[in-house]
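# Observations on the model geometry
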Amino acid sequence: MIYRNAYIENQKQLSDITTEGGRIVRIAPSDQTATKNANETVDLGGKLVLPPFVDSHLHLDTTHTVDPAESRGTLWSGIAFWSSYRDTVTKKSVKENAKKAVLSAVLRGVQHIRTHVDICPARLTAMEALLELKDELKKIVGLQIVAFPQEGILSYPGNKERIETALKMGADAIGGVPHYEYTREYAAESMKYAVDLAVKTGKLIDVHCDETDDDSSRGLESLAAFALEAGIGDRVTASHTTAAGSYSDAYMNRLMRVLVKSKINFVANPLVNLHLQGRFDTFPKRRGLTRVRELTEAGLNVSFGQDDVKDPWYPMGNGDMINVVHTGLHACHMTAYDDILSSYKFVTVNGAKTLNLRGYGVAEGNPADFIVLNCADFYEAVSERAEVLYSIRNGEIIASATPCRRTLKAAGLF
Ligand SMILES: [Zn+2]
């Protein structure tokens, strides 16, 4: 199949993408591709082609568990609901709810999701459910699963054992939550435990790290230092790191030294942290996000996640990564034209790097996985909220959309 006349990743020149046997076999300027049989050709007519969207942070065990009409919309109301609810879930209910959220994201061009699954309950029902769903949906989406100790590794009895069990069951990554541990000593020790376990098992790490406005929260420095010493920074992710939005510049300057050396990845969740953080503030109110621009400019990898979809912590969300980027750019003061144009990276290539994906990207030899948007470049995609017209995976169209048409009817004016 030849997909003709595409603007690949904001390029100014039109290209044709030839796929065969589920792979991209040729990418060439449009005027240099021989015309083929019409039924082997799709004319994209100057639309933007990107590698598929990657949602690098999503909670699929909590999604659709609460009626949005019951939402109080705070971190504390979310935790209170979840701690009483989570022991009542069944494998069937987790799978049904998670599938709803995954399919909503797939319809919007997402093909890779890293999901965090709470391992605090005595029975790992949600973990079993998500592992099964991962296998069932692998043709349309890659799920990567983090064993997430919602109430701490050391501060909640049995969580070390449950993390290790989850890894044996098939979980891909080790979670952590240093700012929720009882003491700062526990916080540092929990990060050492996670890094040692990753070295021993070869698994990835993704920590809910310093998701607080407390400017004395110091999980990140421990995680980065241990990852640096173990030489596994590229397999380690610090999610949220919202405390960095409250650190003094002097401390951040010191911290940046170990962050840059460690080469760990970062995930910001603009929609959720913009509304969850800053709740102790009267005025001025903090934005509650990590330092996205500063980390990016220091050469560190930052991606964006949806985090929550209609769950106890967030009553909205549908897996639309353009919406996540749109809010992130506002919250992070990244509204220069070039910032907007290149912001697709937060939900594509940077996310792929966070997830340690191989063979990702619109390039010859890679799997024929890409999306086609109803616009010519990503500036237009963000400002006009362009639809994902096609999501193509292994050369097959797995989702498509009909663009909305608006018509002016004011008689006599035009
Ligand atoms: Zn999270």
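Up top you'll find the structure we're talking about.
Keep in mind that what you see is a predicted model, and the values were worked out from it rather than measured.

## Section: the environment of Arg114
- As for its position among the elements, Arg114 is in strand 6 (residues 110–118).
- Owing to a relative accessible area of 0%, Arg114 belongs among the buried residues under this scheme.
- Setting aside residues no more than four positions away along its own chain, Arg114 makes contact with Asp55, Ser56, His57, Leu58, Gln144, Val146, Leu204, Ile205, Asp206, Thr237, Thr354 and Leu355.
- In terms of polar contacts, Arg114 uses its side chain to reach the side chain of Asp206, at 2.8 Å.

## Comments concerning the sheet that holds strand 5 (residues 53–58)
- In spatial order, the strands read 5-6-7-8-9-10-11-12; together these 8 strands make up an open sheet with parallel pairing. Each of the sheet's edge strands pairs with one partner strand only, and the pair in question is strand 5 and strand 12 (301–304).
- In this sheet, strand 8 (residues 173–174) lies alongside strand 7 (residues 142–148) in parallel orientation, the contact comprising 2 bridges. Bridge assignment links Val146 to a residue of strand 8, and that residue is Ala173.

## Observations concerning helix 10 (residues 321–331)
- Of all 11 residues in helix 10, 8 are buried, a share of seventy percent or more.
- Capping of helix 10 at its N-terminal end is provided by Asp320; its side-chain oxygen lies 3.0 Å from the backbone amide nitrogen of Ile322.
- Trailing helix 10 by a residue or two, His333 shows a phi angle of about 55°, which is positive.

## Brief notes about the environment of Val324
- Within the fold, Val324 resides in helix 10.
- Accessibility expressed as a relative area gives 0% for Val324, which makes it buried.
- The spacing of Val324 and Leu271 is 53 residues in sequence and 6.4 Å in space, taken between C-alpha atoms.
- Discounting chain neighbours no more than four positions away, the residues touching Val324 are Pro270, Leu271, Phe304, Gly305 and Gln306.

## Details of the nonpolar core
- Core analysis: the biggest nonpolar cluster contains 95 residues, and Phe53, Met127, Ile205, Leu259 and Leu373 have the highest contact counts within it.
- Those residues within four positions of Leu373 in sequence are excluded, and the remaining contacts are Lys47, Leu48, Leu50, Phe53, Ile322, Ala381, Glu387, Val388 and Leu389.
- Counting 12 residues, the second largest nonpolar core, distinct from the first, contains Ile8, Ile17, Val49 and Val362.

## Here's the deal with the coordination of the zinc ion
- Donor atoms from the polypeptide that bind the zinc ion are His57 (NE2), His59 (NE2), His208 (NE2) and Asp307 (OD), placed at 2.1 to 2.7 Å.
- What the 4 donor atoms of the zinc ion show is an angle range of 85 to 178° at the metal, which sorts the shape as irregular.
- Donor residues for the zinc ion, ordered by position in the chain, follow H-x1-H-x148-H-x98-D. With His57 in strand 5 and Asp307 in the loop between strand 12 and helix 10, this pair connects stretches of sequence that are 250 residues apart.

## Side note on the side chain of Thr74
- In this structure, Thr74 sits in the loop between strand 5 and helix 1 (75–85).
- Here Thr74 falls in the buried class, since its relative accessible area comes to 17%.
- Beyond its immediate chain neighbours, meaning those up to four positions away, Thr74 contacts Leu276, Arg279 and Pro312.

## Quick look at unusual backbone geometry
- Along the chain, Phe283 connects to Pro284 via a cis peptide bond; the corresponding omega equals -5°.
- Its location among the elements puts Pro284 in the loop between helix 8 (270–276) and helix 9 (292–297).
- In the Ramachandran plot, Asn5 falls in the positive-phi region, its phi being about 60° despite a non-glycine side chain.
- With respect to the helices and strands, the residue Asn5 is situated in strand 1 (residues 2–8).
- Phi is positive for Arg385, close to 50°, though the residue is something other than glycine.
- Examined against the element boundaries, Arg385 turns out to sit in the loop between helix 13 (378–384) and strand 14 (388–393).

## Observations regarding the sheet that holds strand 3 (residues 23–29)
- A sheet is described by the order of its strands in space; here 7 strands give the open sequence 3-2-1-4-13-14-15, paired in mixed fashion. In the strand order of this sheet, the two ends are held by strand 3 and strand 15 (396–400), each with one partner. Shown here is a sheet whose adjacent strand axes are inclined to one another by a mean of 35°, direction ignored.
- As paired strands, strand 14 and strand 15 are joined by 4 bridges and run antiparallel to one another. In the strand pairing of strand 15, Ser391 is matched with Ala399.

## With respect to the packing of aromatic side chains
- With the rule as written, the count across this model stands at 9 aromatic pairs.
- Measuring from centroid to centroid gives 5.0 Å for Phe81 and Tyr85, while their planes differ by 20°, and the two rings are stacked. Pair noted here: Phe81 and Tyr85 are both in helix 1, with a separation of 4 residues, about one helical turn.
- Exposure remark for Phe81: the relative accessible area of 26% places this residue in the partly exposed category.
- Aromatic side chains Phe304 and Phe346 sit 4.2 Å apart centroid to centroid with 10° between the ring planes, which places their arrangement in the stacked category. Of this pair, Phe304 sits in strand 12 while Phe346 sits in the loop between helix 11 (337–342) and helix 12 (349–354), and the two are 42 residues apart along the sequence.
- Phe304 sits in the buried class, given a relative accessible area of 0%.
- Through a chain of ring-to-ring contacts, the aromatic side chains of Phe81, Trp82, Tyr85 and Trp313 assemble into a single cluster.
- The ring of Phe226 has Lys192 lying over it, and the distance from NZ or CZ to the ring centre is 5.7 Å.
- The ring of Tyr251 has Arg218 lying over it, and the distance from NZ or CZ to the ring centre is 3.7 Å.

Conventions adopted
- Residues numbered from 1 in each chain as written.
- Predicted model: local features only at pLDDT ≥ 70, side-chain atom pairs only at ≥ 80, totals over all residues.
- Heavy atoms only, no water.
- Helix = DSSP H or I, 4+ residues; strand = E, 2+ residues; numbered from the N terminus.
- Buried < 20%, exposed > 50% of the residue type's maximum accessible area, 1.4 Å probe, protein only.
- Contact = heavy atoms within 4.5 Å.
- Polar contact = N/O pair within 3.5 Å; in protein donor to acceptor, adjacent residues only side chain to side chain.
- Pairing = 2+ DSSP bridges.
- Core = buried A, V, L, I, M, F, W, Y, C linked by side-chain atoms within 4.5 Å.
- Donors = N, O, S within 2.8 Å, 3.2 Å for Na, K, Ca; no water.
- Tetrahedral: all angles 85-135°; square planar, octahedral: opposite > 155°, others 65-115°.
- Axes fitted to C-alpha atoms, helices over the stretch in contact; angles between N-to-C directions.
- Phe/Tyr/Trp six-rings, centres within 6.5 Å; stacked < 30°, edge-to-face > 60°.
- Lys NZ or Arg CZ within 6 Å of the ring centre and 35° of its normal.

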